[in-house]
Amino acid sequence: DNNYVTYDPTRTSLSGHGGSLLFQRTSNSRFVGQTGVSWRSPGFELNDVGYMRSADGINQSTWVGYRWRNPFLVFRSLSINGNQWLNWDYGGNFLSAAANTNWWAHFNNNYRVGGNLTYTWEYISNHELRGGPSSKWPAELETSFWVNSDSRRKVYYGFGGYMSQLADGGGRYRNVWLDLTLRPNNALRISLSPSYSENYDDMQYVWLNNNNLSEDRYIFGTLDQQTARLTCRLDLCLTPDLTVQYYAQPFISTGRFNQFKRITNPRADAYGDRSQQFTDDQISYVEDDALYQVDETGNGSVDYDFYNHDFDFLEFNSNLVVRWEYHPGSLIYLVWSQARGAYDLQGYGFEIDRRLEDVFGTHPQNVFLIKVSRWLSL
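Cut-off values and rules
Residues numbered from 1 in each chain as written. Predicted model: local features only at pLDDT ≥ 70, side-chain atom pairs only at ≥ 80, totals over all residues. Heavy atoms only, no water. Salt bridge = Lys/Arg side-chain N within 4 Å of Asp/Glu carboxyl O. Helix = DSSP H or I, 4+ residues; strand = E, 2+ residues; numbered from the N terminus. Buried < 20%, exposed > 50% of the residue type's maximum accessible area, 1.4 Å probe, protein only. Contact = heavy atoms within 4.5 Å. Patch = residues over 30% accessible without salt bridge, like charges linked within 9 Å, V, L, I, M, F, W, Y side chains within 5 Å. Areas by Shrake-Rupley, 256 points an atom, 1.4 Å probe, with all protein chains shown as cover. Polar contact = N/O pair within 3.5 Å; in protein donor to acceptor, adjacent residues only side chain to side chain. Pairing = 2+ DSSP bridges. Axes fitted to C-alpha atoms, helices over the stretch in contact; angles between N-to-C directions. Core = buried A, V, L, I, M, F, W, Y, C linked by side-chain atoms within 4.5 Å.

Q: Sorry, what's going on with the pattern of salt bridges here?
A: Side-chain pairing between opposite charges can occur once the charged atoms of the two side chains come close. Throughout the structure, instances matching the rule amount to 11 salt bridges. Among the salt bridges present, the one from Glu 296 reaches Arg 262, with a minimum N-O distance of 3.3 Å. Of the two residues, Glu 296 sits in the loop between β17 (291–294) and β18 (304–307) while Arg 262 sits in strand β14 (residues 242–263), which places them 34 residues apart along the sequence. Considered together, Glu 296 and Arg 262 belong to a single accessibility category, that of buried residues. The shortest N-O distance in the salt bridge between Glu 325 and Arg 323 comes to 3.9 Å. A relative accessible area of 23% means that Glu 325 is categorised as partly exposed. Judged by relative accessible area, which is 25%, Arg 323 ranks as partly exposed. Three or more residues joined by partner-sharing salt bridges are found here, namely Asp 150, Arg 152 and Arg 153.

Structure below.
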């Protein structure tokens, strides 16, 4: 439904422009802030020299903050911020508005805490249908917090969480994490960082049928996903010239789809009017082929089908690096990198103990590297 640009499939290049105009106050005073506007025209494309997710946008934003930089009461320092964003596309369509407040504090005992609260009003998206028409999506409330203990101690930790909730039953996301670091002496540091998240998304993109029907079908489903990871790091300094570093991370994520639906009126005012969920008479599952078949008209013939997108993703990555400075400025690196992964469509859910057995039971990919550099003084 984009009516302000022309699509030309024969083009071999794009042209456009982008920029930012900012007014900023930065000083030693307590009150600081910034306001401005940025833009990316529809033909602006920089991915040959960098990374840009999207163009065709105009963004206005304002940030204000208040700082207590000197110690007072129980604080070494304290900061409170407020932010707002407004977004349009180049057709003049208003897309979204959001507001945020965040804060962090540094206490006299060297503990640090922080948090934020963000609200995004109901918004229009030009990309959620993956090339289809623009669509309306529910408002979202997000909040997070974190705590870090005194990093000068031999044992220090941090923990935090993040939560988001969509209006109209559109979904929710929860994440908790922990960081634990042990430093028994100046030569050794060990850190463990587990995290766990749950994602329930009522409208997760599944598939597009644009082959054999008069109108495209944008298929969405409800996704119920669980993810866990554990990041381990070890840093050992044997001598000033010889160090050993080790990194390992097992990663497990499982997702199940149900309540499939097709988009019928993507910009309807009411959330429930934007899609139509398939009834049991309209959709069936062929387990041997892992295939869903859809009979929209109910006449007993299959109009289209799509694959089961359930997933069980298992991965273990590790790196061992030995670094030796055999001569001032000259180095030898010995590296062992190992990767294990598995993708099981018909798995048995989120059972961590059995999943870890699966990860370590897969055949690994090992890479050994040697790097030698010699400093030549000319």
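Q: Can you help me understand the environment of Leu 188 in this one?
A: Counting through the fold element by element, Leu 188 comes out in strand β12 (residues 188–209). For Leu 188, the residues in contact, after removing those within four places along its chain, are Leu 182, Arg 183, Leu 234, Asp 235 and Leu 236.

Q: Even after reading the chapter, I still don't get a nonpolar patch on the surface, so can you show me in this structure?
A: Among the surface-exposed residues, Phe 145, Val 155, Tyr 157, Phe 159, Leu 178, Leu 180, Leu 182, Leu 192 and Leu 230 lie close enough to one another that they form a single nonpolar patch of about 690 Å² accessible area. Taken together, the elements giving at least two residues each to the nonpolar patch come down to β10 (155–166) and β11 (171–185). Here Leu 230 lies in strand β13 (residues 217–239).

Q: Help me understand the environment of Arg 217 in this model?
A: Of note, Arg 217 is situated in strand β13. Looking at Arg 217, the relative accessible area reads 12%, which means it is buried. Residues Arg 217 and Cys 232, 15 residues apart in the sequence, show an inter-C-alpha distance of 44 Å. From its side chain, Arg 217 meets the backbone oxygen of Glu 215 in a polar contact 3.0 Å long.

Q: Would you explain the sheet that holds β18 in this entry?
A: Strand pairing in a sheet is mediated by backbone hydrogen bonds. Such pairs are either parallel or antiparallel. An order of β16-β17-β18 is seen for the three strands of this open sheet, with the pairing classed as antiparallel. For this open sheet the edge positions go to β16 (283–286) and β18, each flanked by a neighbour on one side alone. Direction aside, the axes of adjacent strands within the sheet are offset by 25° on average. Pairing between β17 and β18: four bridges, direction antiparallel. In the sheet register, Tyr 292 faces β18, and the bridge partner there is Phe 306.

Q: In this structure, what is going on with the nonpolar core? I would like to understand it.
A: Grouped burial of nonpolar side chains is what soluble globular proteins tend to show. Counting 12 residues, the largest nonpolar core is built from Val 206, Ile 219, Leu 223, Phe 257, Phe 260, Phe 278, Ile 283, Tyr 292, Val 294, Tyr 304, Phe 306 and Phe 311. Not counting residues within four places of it along the chain, the set of residues in contact with Phe 306 comprises Val 206, Trp 207, Ile 219, Phe 260, Ile 283, Leu 291, Tyr 292 and Val 294. The next biggest cluster of nonpolar side chains, apart from the first, holds eight residues, and it includes Leu 129, Tyr 205, Phe 220 and Tyr 271.

Q: Which parts of the structure should I look at to understand the environment of Ser 195?
A: As for its placement among the helices and strands, Ser 195 is situated in strand β12. Along the primary structure Ser 195 and Phe 251 are separated by 56 residues, whereas in three dimensions their C-alpha atoms are 9.9 Å apart. When near neighbours in sequence (up to four residues on either side) are disregarded, Ser 195 contacts Asn 175, Val 176, Trp 177, Thr 227, Ala 228 and Arg 229.

Q: For this particular structure, what's the right way to read the pairing of strand β3 (residues 57–68)?
A: Successive side chains on a regular strand alternate, one facing one side of the sheet and the next facing the other. Across 10 bridges, strand β2 (residues 31–40) lies against β3 in antiparallel orientation. By the bridge assignment, Thr 35 is partnered in β3 with Thr 62. Pairing between β3 and strand β4 (residues 75–88): 11 bridges, direction antiparallel. Following the sheet pairing, Asn 59 is matched in β4 by Asn 87. Hairpin remark: β3 followed by β4, antiparallel, with six residues in the connecting loop; positive phi at Leu 73, about 50°.

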